[in-house]
Amino acid sequence: MTTTPAAPGHTPVSVASPARPAILGGAPAVTLDQTAANRWPICTPEDEAAVLRVLRAGEWGVSKETAALEDDYRKWLGVRFAVAHNNATGAILAGLHALGVSHGDEVIVPSATWWSSVLPVVHLGAVPVFAELEDHSLGLDPEDVERRITPRTKAIVVVHLFGLPSRMDELLALARRHNLAVLEDASHAHGAMYKGRPVGTLALDLGPKGASVFSMQGNKLCPTAEGGILLTNDPAIWENTLRWGHYERLLDLDSPNKYFAATGFGFKFRMSPLSAALARTQLARLTPRNTARNDNCVYLSRRLETLGCFNTFLSPPGIERVYFEYLIRYDESKTGLPIKDLSKALQAEGAMVGAPRYPLLHQQPFFTKGVWAKVGRVPPPHPVYDPAALPLTTRGNGSLLKLPSFPNAERALLDQYFDAFRKVLAHKDALPRSA
Ligand SMILES: Cc1ncc(COP(=O)(O)O)c(C=O)c1O
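Calculation notes
- Residues numbered from 1 in each chain as written.
- Predicted model: local features only at pLDDT ≥ 70, side-chain atom pairs only at ≥ 80, totals over all residues.
- Heavy atoms only, no water.
- Pairing = 2+ DSSP bridges.
- Helix = DSSP H or I, 4+ residues; strand = E, 2+ residues; numbered from the N terminus.
- Patch = residues over 30% accessible without salt bridge, like charges linked within 9 Å, V, L, I, M, F, W, Y side chains within 5 Å.
- Areas by Shrake-Rupley, 256 points an atom, 1.4 Å probe, with all protein chains shown as cover.
- Salt bridge = Lys/Arg side-chain N within 4 Å of Asp/Glu carboxyl O.
- Buried < 20%, exposed > 50% of the residue type's maximum accessible area, 1.4 Å probe, protein only.
- Near = heavy atom within 4 Å.
- Polar contact = N/O pair within 3.5 Å; in protein donor to acceptor, adjacent residues only side chain to side chain.
- Nonpolar A, V, L, I, M, F, W, Y, C, P; charged D, E, K, R; others polar.
- Core = buried A, V, L, I, M, F, W, Y, C linked by side-chain atoms within 4.5 Å.
- Domains from an automatic or database assignment.
- Contact = heavy atoms within 4.5 Å.
- Buried area = accessible area lost by both parts, 1.4 Å probe.
- Axes fitted to C-alpha atoms, helices over the stretch in contact; angles between N-to-C directions.
- Parallel < 35°, antiparallel > 145°, perpendicular 65-115°, else oblique.
- Left-handed = near helix turned anticlockwise from the far one by under 90°.
- Phe/Tyr/Trp six-rings, centres within 6.5 Å; stacked < 30°, edge-to-face > 60°.
- Lys NZ or Arg CZ within 6 Å of the ring centre and 35° of its normal.
- Disulfide = S-S within 2.5 Å.

**So, the sheet that holds strand β9 (residues 197-198)**
Next up, step 1: The strand order β9-β8-β13 describes an open sheet built from three strands, whose pairing is antiparallel. In this open sheet, the two strands that pair with only one neighbour each are β9 and β13 (319-320).

**Description of a nonpolar patch on the surface**
Next up, step 1: Taken together, L52, L55 and W60 make up a surface patch of nonpolar side chains, about 300 Å² in accessible area.
Next up, step 2: Considering the arrangement of structural elements, one finds W60 in the loop between α1 (45-57) and α2 (64-77).
Next up, step 3: The exposed category is assigned to W60, whose relative accessible area is 58%.

**Let's talk about the site of the ligand**
Next up, step 1: Taken together, 17 residues surround the ligand, and among them T89, D185, H188, S215 and K220 come closest.
Next up, step 2: D185 is positioned with one of its side-chain polar atoms (N or O) 2.6 Å from a nitrogen atom of the ligand.
Next up, step 3: Burial of the ligand by the protein chains amounts to 94% of its free accessible area of 390 Å².
Next up, step 4: With three residues, the single largest contributor to the shell around the ligand is helix α3 (residues 88-98).
Next up, step 5: Looking at side-chain class alone, the shell around the ligand contains five nonpolar, 10 polar and two charged residues.

**Here we look at the nonpolar core**
Next up, step 1: Counting 92 residues, the largest nonpolar core has Y73 and F367 as the members making the most contacts within it.
Next up, step 2: For this core, the leading source of residues is α3, giving seven residues.
Next up, step 3: Viewed by domain, this core spans two of them, domain 1 (9-41 + 285-430) and domain 2 (45-284), each represented by three or more residues.
Next up, step 4: The residues contacting Y73, other than those within four sequence positions of it, are G78, A82, H190, F214, M216, C222, I229, L231 and L283.
Next up, step 5: Membership of the second largest hydrophobic core comes to 34 residues, among which are A29, L304, F418 and L431.

**Structural notes on the side chain of E325**
Next up, step 1: With respect to the helices, strands and loops of the structure, E325 is situated in the loop between β13 and β14 (326-330).
Next up, step 2: Classification of E325 as buried rests on a relative accessible area of 5%.
Next up, step 3: Looking at E325, its side chain comes within polar contact range of the side chain of R357, at 2.6 Å.
Next up, step 4: Sequence-distant contacts of E325, that is, excluding residues within four places in its chain, are made with F162, R357 and K402.

**Some details on the domain arrangement of the chain**
Next up, step 1: Once the domains are mapped, the chain shows domain 1 (9-41 + 285-430) and domain 2 (45-284).
Next up, step 2: Distance between the C-alpha centres of domain 1 and domain 2: 27 Å.
Next up, step 3: In this assembly, 42 residues from domain 1 lie in contact with 51 residues from domain 2.
Next up, step 4: A combined buried area of about 3900 Å² lies between domain 1 and domain 2, and 65% of that area is made up of carbon and sulfur atoms.

**Describing the pattern of salt bridges**
Next up, step 1: Enumeration according to the criterion identifies 25 salt bridges in this entry.
Next up, step 2: Residue R285 pairs with E46 through a salt bridge whose shortest N-O separation is 2.8 Å. Taken together, the residues R285 in the loop between α8 (273-284) and α9 (286-305) and E46 in helix α1 connect sequence positions 239 residues apart.
Next up, step 3: The exposure class assigned to R285 is partly exposed, which follows from its relative accessible area of 30%.
Next up, step 4: With a relative accessible area of 42%, E46 lands in the partly exposed category.

**So, the packing of α2 against α8**
Next up, step 1: In the contact formed by α2 and α8, the axes pass within 8 Å of each other and the chain directions differ by 30°. For the element pair α2 / α8, the angle class is roughly parallel. Here α2 and α8 pass one another in a crossing that is left-handed. Listed contacts from α8 to E65, T66, A68, L69, D72, Y73 and W76 of α2 are P273, A276, A277, A279, R280 and L283.
Next up, step 2: The class makeup of the residues in the contact of α2 with α8 is nine nonpolar, one polar and three charged.

**Here's the deal with the sheet that holds strand β12 (residues 310-311)**
Next up, step 1: A sheet is described by the order of its strands in space; here three strands give the open sequence β12-β14-β15, paired in antiparallel fashion. Taken across any chain shown, the strands that pair with only one partner, and hence form the sheet edges, are β12 and β15 (400-403).
Next up, step 2: Contacts from α9 reach β12, β14 and β15, with the element oriented near 10° to β14.
Next up, step 3: Lying over the sheet, helix α14 (residues 411-426) contacts β12, β14 and β15, oriented at roughly 145° with respect to β15.

**Some remarks on the packing of aromatic side chains**
Next up, step 1: As enumerated under the stated definition, the model contains 20 aromatic pairs in all.
Next up, step 2: Measuring from centroid to centroid gives 5.0 Å for W244 and F267, while their planes differ by 40°, and the two rings are tilted. With W244 in helix α7 (residues 235-245) and F267 in the loop between α7 and α8, this pair connects stretches of sequence that are 23 residues apart.
Next up, step 3: Note on W244: relative accessible area 10%, which makes it buried.
Next up, step 4: Grouped by ring-pair contacts, the aromatic residues F130, F366, F367, W372 and Y385 constitute a single cluster.
Next up, step 5: The side chain of R293 reaches across the aromatic face of W40, ending 4.2 Å from its centre.
Next up, step 6: The aromatic ring of Y299 is capped on one face by R411, whose charged end is 4.1 Å from the ring centroid.

**Thoughts on the state of the cysteines**
Next up, step 1: Under the definition given, this model contains zero disulfides.
Next up, step 2: Not engaged in a disulfide, the cysteine C222 finds its nearest cysteine sulfur in C43; these two sulfurs lie 14 Å apart.
Next up, step 3: Taking relative accessible area as the criterion, C222 reaches 0% and is therefore assigned buried.
Next up, step 4: In this structure C297 is not part of a disulfide, and its nearest cysteine sulfur, from C222, lies 18 Å away.

**Here we look at unusual backbone geometry**
Next up, step 1: That bond from W40 to P41 is cis: its omega, 0°, falls within 30 degrees of zero.
Next up, step 2: Inspection of the secondary structure assignment puts P41 in the loop between β2 (14-15) and α1.
Next up, step 3: For the peptide bond that leads from P380 to P381, omega is 5°, which places it in the cis range.
Next up, step 4: Take P381: it is sitting in the loop between α12 (371-375) and α13 (391-398).
Next up, step 5: A positive phi angle, near 55°, is found at N179, a position not held by glycine.
Next up, step 6: By the element assignment, N179 lies in the loop between α6 (168-177) and β7 (181-185).
Next up, step 7: By relative accessible area, N179 is classed as exposed at 53%.
Next up, step 8: The phi torsion at F313 lies on the positive side, around 60°, for a residue other than glycine.
Next up, step 9: You can see F313 is positioned in the loop between β12 and β13.

Okay, here's the thing in structure tokens:
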């Protein structure tokens, strides 16, 4: 084991075999084929048979397959109601409506997430209020959320980003204290556990103020050919969700909501039965597939942590995270090598690393140019979204590196990734710096 000299104020980085980095003319460290290792989604004969069965039955619109998928989710998670949607974006819109979000309300949301967690707020005429992410779970920081609560705050959208459960105890406690609703966006987190309970069930503790959503879009942990699902334990939320986008189910209700059976509330959000069939076979394989990803990502994470400059977001005690995406935090102050240059050198090694996929929402023209308020016909007062706001989220997001999540990788490929990191860091002072 050798140790590269550290620049003043930097921690030495341990290395065993400092071969020349590819970016300086050496041989790349990652040579194994990565296509099969990272292939996702996985299609088996069971998936094909399930889709064919529905196709041949001619159930292309309304089908018992959709109800069967809802049952599968209800049983898996132990919840009362599940409503399959054509995607999670629609399920989030329906869920926020069902939780009572409406014109002029404020909803506290993260900025580092896919836009679907946030833009439905605008379409209900409400105001997204961005709060900071906390460092360890990349979820909403409960202390910052509490600071942003005003008399107009109606709800919080909590996202378990990349499969890392947010700090739900603290977030639910403050929701109770301030009488707020919580929409738990578990789109990235099928199978993750928080203190012994599956994520996607935690907000439901709030009864009439809690709902959760999973996406089943084609690259999620339980993928299908587009789909989402809303879960709740509250009968009123369930009915309001049906009224919003599932007119065909209203006649069966034993409540005034059946009056709207001829129209619903103007949306048609039901899932294709072909997608439902595929989602069922995919859900049946969720656990072994999550285990394979977790084994691989945890294996590589433990090795990367030995380099002394990465936080790989391993599960803390009481939490079982999953890896929809595999991101790690790089501490540039430990090496003096800017993240951009680290990334370029790793790419030259053949490692598929890059920046996080999601641009921060509060910096997007949809918000900064005021378009949101017009699109959503949101009543004033209108906040001005400052791209320089949320310094912690911005700094935190800028220190993340995205790796493949290795759904089918062999250890040899993971070892090659580790070698790429180790080699590049061993030569950190010699690597080219971008302007
Ligand atoms: C965090 C999050 N929420 C919601 C969604 C919306 O899911 P869908 O694509 O099923 O509409 C996504 C989609 O990628 C997401 O990443």
